[in-house]
Amino acid sequence: QVQLEESGGGLVQARDSLTLSCAASGRTFSTLMGWFRQAPGKEREFVAAIRWSAGNLYYADSVKGRFTLSRDNAKNALYLHMGSLKPEDTAVYYCAATKPYGSGYYRWTTSYDYWGQGTQLTVSS
């Protein structure tokens, strides 16, 4: 089992920057770790992911160039550095991880086996 805990959300203004953190505990070897978000009335959508062993990074087009993933292997932590925030970035942000040797397309929510509780980000205009 893997437990994921997000932190760092809050209320910011447009064009601000903010970093979300995801702390993983338990059996933490995962093929993929990523961030998804869900705005009110919308489906959960892919934001960014990392293929842990190879370090490959993937981003949604809507955040490419503004958001950056980083990790701390020693802390089993994943970070989402968000810049040039827009009101449309407002959502609950979820950290997700696969089981070891998990397979699946990084953009699909169904590829991930473990989810955090989410952290709210609100961007005011």
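Residues numbered from 1 in each chain as written. Predicted model: local features only at pLDDT ≥ 70, side-chain atom pairs only at ≥ 80, totals over all residues. Heavy atoms only, no water.

### With respect to the sheet that holds strand β1 (residues 2-7)
Definition in use: For two strands to be treated as a pair, DSSP must find no fewer than two bridges joining them. In DSSP terms, a helix is any run of H or I states spanning at least four residues, a strand is any run of E spanning at least two, and both are numbered starting from the N terminus. To obtain an axis, a line is fitted to C-alpha atoms, over the contacting stretch when the element is a helix, and the angle between two such axes runs from 0 to 180 degrees between their N-to-C directions.
Sheet architecture is open: four strands sit in the order β1-β3-β8-β7, paired in antiparallel fashion. Both outer strands of the open sheet, β1 and β7 (67-72), are each paired with one neighbouring strand and no more. For this sheet the average axis-to-axis angle between neighbouring strands, irrespective of direction, equals 20 degrees. Strand direction decides the pairing type here: strand β3 (residues 18-26) and strand β8 (residues 77-82), joined by six bridges, are antiparallel. Opposite Leu18, over in β8, you have Met82 as the bridge partner.

### Thoughts on the state of the cysteines
The test is simple: Criterion for a disulfide: a pair of cysteine sulfur atoms within 2.5 Å. When accessible area is computed with a 1.4 Å probe and restricted to protein chains, residues below 20% of their type maximum are described as buried, those above 50% as exposed, and intermediate ones as partly exposed.
According to the stated counting rule, one finds one disulfide in the structure shown. The side chain of Cys22 participates in a disulfide bridge whose partner is Cys95; the two sulfur atoms lie 2.0 Å from each other. Measuring handedness by torsion sign, the sulfur bridge of Cys22 and Cys95 sits at about -80 degrees and is left-handed. Linking Cys22 in strand β3 with Cys95 in strand β9 (residues 91-97), this pair joins segments that are 73 residues apart in sequence. Each member of the pair Cys22 and Cys95 is classed as buried.

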